[in-house]
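Here is how the chains run, residue by residue.
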Amino acid sequence: MIRALQHSLLTRVLVSSGALASLSVFGLTSLFLWNYSRDLDRQISRRAEALAGFLAGQSQFAMLVGDRSDLERIGRNAISTDQVLFVELTDALGGAPVFFHRDGSSSRPSGQHYIEIARNVMRPAQAEPSGWEAGSMERPAGPAQLGVVRLGFSTEKEHAARLRIVWSTVAMAFAFLLMAAGVETIELRTLLRPLQSLTEFTRRVADGDLSGRAEVVRPDEVGRLTMAFNRMVERLGATLVSKDAAEAADAAKTRFLATMSHELRTPLNAVIGYSQLIQEVCQDRGIEGLADDLGRIERAGGVLLHLVNQVLDFSKAEAGRIELYPETFLVPSVVQDVIDTVAPLAGKNRNRLTVNASPDAAEIHADLVRFRQSLLNLVSNACKFTQDGEVSVAVSRERSGPLDCVLVSVKDTGVGIPPEQQSRLFQAFVQGDASTTRKYGGTGLGLAISRKLCRLMGGDISVESEPGKGSNFMMRIPVGTPPPAAREVEYGASSAAALGG
Amino acid sequence: MGITSLLARLWLAAVSLPTAHAAIVVLYEPGVDAYSEAFEGLCAGLGGNAVRVVDLRQGEPTLTRALSAKDTQLIVAVGSRALAEVQSHKVSAPVVGTMVLHGREMEESGHVDLEVPLSMQCGAMRALWPQHARVGIIRNPARSRYSAEALESRARKEGFTSLVVDCDGPGGLLKAVAALKGKVDFLLCFPDPDLYNAVTIKPLVMASLESRLPIIGFSPAFVRAGAAAGIYPDYRDTGRQTAEMVLRILHGDDRAADEGPRKIQVAVNQRITRLLGVEFQTASLPVEVLR
């Protein structure tokens with residue numbers, strides 16, 4: 001029974017509503033029977049009391065004057081009244097009681113249901129003494145009570161009626177409860193059938209069958225649940241299709257990136273490599289006139305390779321395919337390396353490069369290659385967009401919320417960026433405006449890639465700029481926590497391995 | 001039916017003569033104790049005279065035959081009903097009514113009535129309840145042979161003050177009692193079937209108790225019914241008195257005699273007197289105390 005209660009909603013509802021119905025029905029039945037019984041008892045008592053009072057009134061005179069024959073007459077008449085079992089009239093002033101019993105016996109009935117009512121017969125009220133009795137020495141006017149009327153009133157009829165009512169009421173209550181249970185069972189089964197078919201449908205969906213739909217039997221709560229479930233299954237099916245497509249697209253993108261990475265870089269590397277080789281051969285053989293052309297080929301190839309790398313990097317970043325390889329390294333070393341790399345570009349635009357590194361911002365645990373790539377992009381841009389100015393790189397440590405960060409600030413005295421363009425600066429393929437692209441070239445992916453890389457490392461890039469006065473690009477990277485067994489990696493060895501492509 | 005009645009029946013059986021030899025016809029209604037006592041006294045007084053007893057219940061033919069028999073010398077009617085029956089027949093023999101309330105004028109008839117003279121009643125009350133001399137009387141003008149003034153005068157002669165209230169029917173009885181309440185010591189009732197009967201006796205006794213006004217009745221039955229006391233004729237002696245009248249008439253004397261009772265009896269209802277708080281002096285009189 002307990003298992004059924006735990007595992008079956010039908011059983012629980014039936015048991016609880018059955019218990020409630022039983023309590024209500026039997027409570028009401030008991031209340032009705034109690035009221036009925038009480039009313040019946042009151043009726044009997046009233047009738048018996050009324051009859052006893054009547055007999056007392058009738059007997060008063062006979063007891064007053066001591067008329068036994070009249071008492072007997074009264075008793076005889078009383079015993080013939082319906083339900084009177086016995087009558088006993090006792091004269092208080094003497095004489096044996098007058099006793100009449102319905103069946104002629106001389107004793108109280110036994111084994112029968114009856115009530116006994118006694119009523120005192122009082123002498124009539126008398127006027128206050130006046131005349132001869134006022135002030136007289138006469139003794140008081142006798143006892144107040146003339147006698148007693150005792151009446152045995154049969155309650156057999158009422159008892160039988162009471163039993164009949166009790167049995168019939170209880171039987172009706174049981175019948176009602178049985179009918180109610182039957183009706184409720186049928187109704188609950190009807191209500192729960194849609195839930196059961198929904199449960200079956202849910203099992204099929206869980207097993208992967210999204211083709212079917214649960215039947216909506218009625219537009220009630222269960223029907224609305226079924227409709228909602230059907231909609232959910234439809235969306236689940238669509239989502240699964242989209243997911244498959246997305247996975248397929250993602251797989252295709254990964255294959256494309258891998259393929260394009262190889263297919264684009266390979267010929268470019270060949271172009272760059274062969275141009276270098278031919279320059280060396282020409283130099284060895286003293287062939288003049290080709291060095292400039294070969295140099296151009298090599299530079300163009302390098303630029304194209306850089307552009308291809310940028311596009312591939314961006315695609316990887318978009319696809320979430322960039323993996324980071326955190327390691328502990330010294331920031332000032334990387335900064336110096338970047339400065340050395342962009343020195344020719346800075347010299348080309350007659351810019352002065354300065355570095356200012358705070359001693360507490362020396363070490364960081366992050367992806368060295370990506371850190372350098374982002375920094376190189378910022379410093380290159382600064383040098384590119386500044387002429388006859390200054391590009392300074394400052395490294396410091398700061399607290400950004402709960403994290404300690406290294407702040408690398410690349411400040412230039414270049415053209416500056418208008419405010420309306422600053423918001424679009426980190427969007428892919430956006431450089432400022434069309435004139436910037438024509439004048440300075442580039443794909444517009446550098447800052448977008450740099451920001452993605454910084455965010456991957458847990459940091460970010462922000463800019464402050466004023467047209468005509470220059471810009472300040474700030475790169476914040478969390479200092480990071482090296483794993484317990486982490487070793488310091490030397491900058492030169494790790495960067496060579498990472499640049500392999 | 002009491003023992004008196006039984007003895008009367010036995011006596012009847014003993015003295016009754018066959019129709020052909022009867023001389024004195026006694027019209028008699030058995031079943032009434034007072035009549036039985038009177039009949040006893042009558043028969044005892046008549047001695048060896050031939051008596052034919054006719055039961056009133058026997059029906060008209062028997063009655064007529066008995067009353068018109070040639071050998072009937074005298075008819076004695078015991079009770080008012082018997083007297084009325086005789087009066088309704090044409091009879092030639094003299095009639096004596098006994099145990100009647102008051103006699104009716106009838107030619108050549110005498111009667112012994114039940115009305116105890118007021119003087120005898122006052123005398124009995126003086127002995128029974130000394131120091132209480134205020135008497136109330138309810139008088140039925142239709143039946144009473146005395147006026148109110150006459151009754152008051154008679155009471156005064158006996159040393160009693162009286163208050164007489166007229167009441168011409170049972171409807172005014174309780175009102176009459178209420179009028180006497182507090183003004184008299186006791187209520188004296190004279191025989192009157194209109195005023196005092198099985199219907200009126202109960203409310204009268206209740207009023208008597210509520211008003212604390214003792215009733216002095218005129219028969220033992222009245223006393224048993226609730227009167228505090230009763231003063232009534234000695235029925236047996238009335239019968240003897242009737243027998244003496246019969247013998248006188250048979251001997252040619254005094255045919256239209258009108259007599260009242262010579263001897264009285266007194267009864268006291270002890271239960272009622274206790275309820276009223278009254279103490280009668282029963283030692284000074286031959287009083288029958290009913291408990």
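Nothing here was measured: the structure is a model prediction, and the numbers come from that model.

J.: Before we move on, could you go through the packing of helix α2 (residues 9-65) of chain A against helix α4 (residues 156-206) of chain A and cite the residues and values that matter?
T.: Residue and element names in this part refer to chain A. Running from N to C, α2 and α4 cross one another at 160°; their axes reach a closest spacing of 10 Å. What the angle tells us is that α2 and α4 run roughly antiparallel. Between α2 and α4 lies a crossing of right-handed hand. For the contact of α2 with α4, the per-class residue count stands at 22 nonpolar, 6 polar and 6 charged.

J.: How would you summarise the nonpolar core if you had to cite specific residues and measurements?
T.: Among the nonpolar cores identified, the biggest contains 80 residues, and Leu-64 of chain A together with Ile-138, Tyr-196, Phe-222 and Phe-280 of chain B are the most heavily contacted of them. The greatest single-element share of this core, amounting to 12 residues, is contributed by α2 of chain A. With residues near it in sequence (within four places) discarded, Tyr-196 of chain B still touches Ile-138, Leu-173, Cys-189, Phe-190, Leu-204, Phe-218 and Phe-222 of chain B. The next biggest cluster of nonpolar side chains, apart from the first, holds 35 residues, and it includes Ala-382, Val-410, Val-463 and Met-475 of chain A.

J.: Can you break down the packing of helix α2 (residues 33-46) of chain B against helix α10 (residues 235-250) of chain B residue by residue, with the values?
T.: Residues and elements named next belong to chain B. It is the contact of α2 with α10, at a shortest axis distance of 6 Å, that shows an interaxial angle of 40°. By the criterion of interaxial angle, the relationship of α2 to α10 is oblique. Relative to α10, α2 is oriented so that their crossing is right-handed. Of the residues in α10, those touching α2 at Ala-34, Glu-37, Ala-38, Glu-40, Gly-41, Leu-42, Gly-45 and Leu-46 are Tyr-235, Arg-236, Gly-239, Arg-240, Thr-242, Ala-243, Val-246 and Leu-247. Taken together, the residues of the contact of α2 with α10 sort by class into 8 nonpolar, 4 polar and 4 charged.

J.: Mind laying out the pattern of salt bridges, listing which residues take part and the relevant values?
T.: Summed over all chains, the structure comprises 38 salt bridges over all chains. Of the charged contacts in the structure, one is a salt bridge between Glu-390 of chain A and Arg-352 of chain A, with a shortest N-O distance of 2.9 Å. Pair noted here: Glu-390 of chain A is in strand β8 (residues 390-400) and Arg-352 of chain A is in strand β6 (residues 352-357), with a separation of 38 residues, a long-range link. A single network of salt bridges, built from pairs that share partners, joins Asp-237, Arg-240, Glu-244 and Arg-262 of chain B.

J.: Provide a residue-level description of the confidence of the model for chain A, including the pertinent values.
T.: All names here are of chain A. Summarising the model, chain A shows a mean pLDDT of 83, and 87% of its residues fall at 70 or more. Least confident of the elements in chain A is helix α12 (residues 491-498), whose mean pLDDT is 44; most confident is strand β11 (residues 470-478), at 94. Between residues 486-501, whose pLDDT stays under 50, and residues either more than four places distant or in other chains, the model counts 15 contacts.

J.: Now, about the packing of aromatic side chains: what can you tell me, with residues and values included?
T.: A ring pair, where both rings are aromatic, is described by two values, the distance of the centres and the angle of the planes. Summed over all chains, the structure comprises 14 aromatic pairs over all chains. Looking at Arg-451 of chain A, its charged tip hangs above the ring of Phe-426 of chain A, at a distance of 4.0 Å from the centre. Directly above the aromatic system of Tyr-146 of chain B lies the positively charged group of Arg-154 of chain B, at a separation of 4.4 Å from the ring centroid.

J.: Mind laying out the sheet that holds strand β7 (residues 161-166) of chain B, listing which residues take part and the relevant values?
T.: Residue and element names in this part refer to chain B. Taking strand neighbours across the sheet as the criterion, the 7 strands line up as β7-β6-β8-β9-β10-β12-β13 in an open arrangement whose pairing is mixed. In this open sheet, the two edge strands, each paired with only one partner strand, are β7 and β13 (287-290). Within this sheet the neighbouring strands show an average axis-to-axis angle of 25°, counted without direction. Direction of pairing for strand β8 (residues 186-188) relative to strand β9 (residues 215-217): parallel, over a ladder of 2 bridges. Following the sheet pairing, Leu-188 is matched in β9 by Ile-216. Here helix α7 (residues 173-180) sits on the sheet in contact with β6 (134-139), β7 and β8, set at roughly 160° to β6.

J.: Any details on the sheet that holds strand β4 (residues 145-154) of chain A? Residues and values, ideally.
T.: All names here are of chain A. Here we have 4 strands laid out as an open sheet, ordered β2-β1-β4-β3, and antiparallel in their pairing. The open sheet terminates on both sides in strands that have one partner only, identified here as β2 (98-101) and β3 (114-122). On average, each strand axis in the sheet is inclined to that of its neighbour by 10°, with strand direction left out of account. For strand β1 (residues 84-91) and β4, the ladder comprises 7 bridges, and the chain directions are antiparallel. If you follow Glu-88 over to β4, its bridge partner there is Arg-150. Where α2 meets the sheet, its contacts fall on β1, β3 and β4, and the angle it forms with β4 comes to roughly 145°.

J.: Explain a nonpolar patch on the surface residue by residue, including any values.
T.: Residue and element names in this part refer to chain A. Together, Tyr-274, Leu-277, Ile-278 and Val-281 make up an exposed nonpolar region whose accessible area comes to about 370 Å². Of note, Leu-277 is situated in helix α5 (residues 221-285). Note on Leu-277: relative accessible area 43%, which makes it partly exposed.

J.: Quick one: what's the story with helix α3 (residues 60-67) of chain B, residue by residue and with numbers?
T.: Residues and elements named next belong to chain B. The set of residues buried in α3 consists of Leu-63, Ala-66 and Leu-67. Down the axis of α3, the buried side of the element spans an arc of 90°, and every buried residue falls inside it. When the buried face of α3 is taken as reference, the exposed residues oriented beyond 90 degrees from it are Pro-61 and Arg-65. At its buried positions, α3 is contacted by β1 (24-28), β2 (51-55), β3 (74-78) and α4 (80-88).

J.: Describe the confidence of the model for chain B, listing the residues and the values that go with them.
T.: Residue and element names in this part refer to chain B. In the predicted model, chain B carries a mean pLDDT of 85, and 90% of its residues have values of at least 70. Across chain B, element-level confidence peaks in β9 with a mean pLDDT of 95 and bottoms out in helix α1 (residues 3-15) with 65. Scored below 50 in pLDDT, residues 17-22 makes 10 contacts in the model with residues more than four places away or belonging to other chains.

What counts and how
- Residues numbered from 1 in each chain as written.
- Chains lettered and ligands numbered in written order.
- Predicted model: local features only at pLDDT ≥ 70, side-chain atom pairs only at ≥ 80, totals over all residues.
- Heavy atoms only, no water.
- Axes fitted to C-alpha atoms, helices over the stretch in contact; angles between N-to-C directions.
- Helix = DSSP H or I, 4+ residues; strand = E, 2+ residues; numbered from the N terminus.
- Parallel < 35°, antiparallel > 145°, perpendicular 65-115°, else oblique.
- Left-handed = near helix turned anticlockwise from the far one by under 90°.
- Nonpolar A, V, L, I, M, F, W, Y, C, P; charged D, E, K, R; others polar.
- Core = buried A, V, L, I, M, F, W, Y, C linked by side-chain atoms within 4.5 Å.
- Buried < 20%, exposed > 50% of the residue type's maximum accessible area, 1.4 Å probe, protein only.
- Contact = heavy atoms within 4.5 Å.
- Salt bridge = Lys/Arg side-chain N within 4 Å of Asp/Glu carboxyl O.
- pLDDT = per-residue confidence, 0-100.
- Phe/Tyr/Trp six-rings, centres within 6.5 Å; stacked < 30°, edge-to-face > 60°.
- Lys NZ or Arg CZ within 6 Å of the ring centre and 35° of its normal.
- Pairing = 2+ DSSP bridges.
- Patch = residues over 30% accessible without salt bridge, like charges linked within 9 Å, V, L, I, M, F, W, Y side chains within 5 Å.
- Areas by Shrake-Rupley, 256 points an atom, 1.4 Å probe, with all protein chains shown as cover.
- Arc of directions from axis to C-beta.

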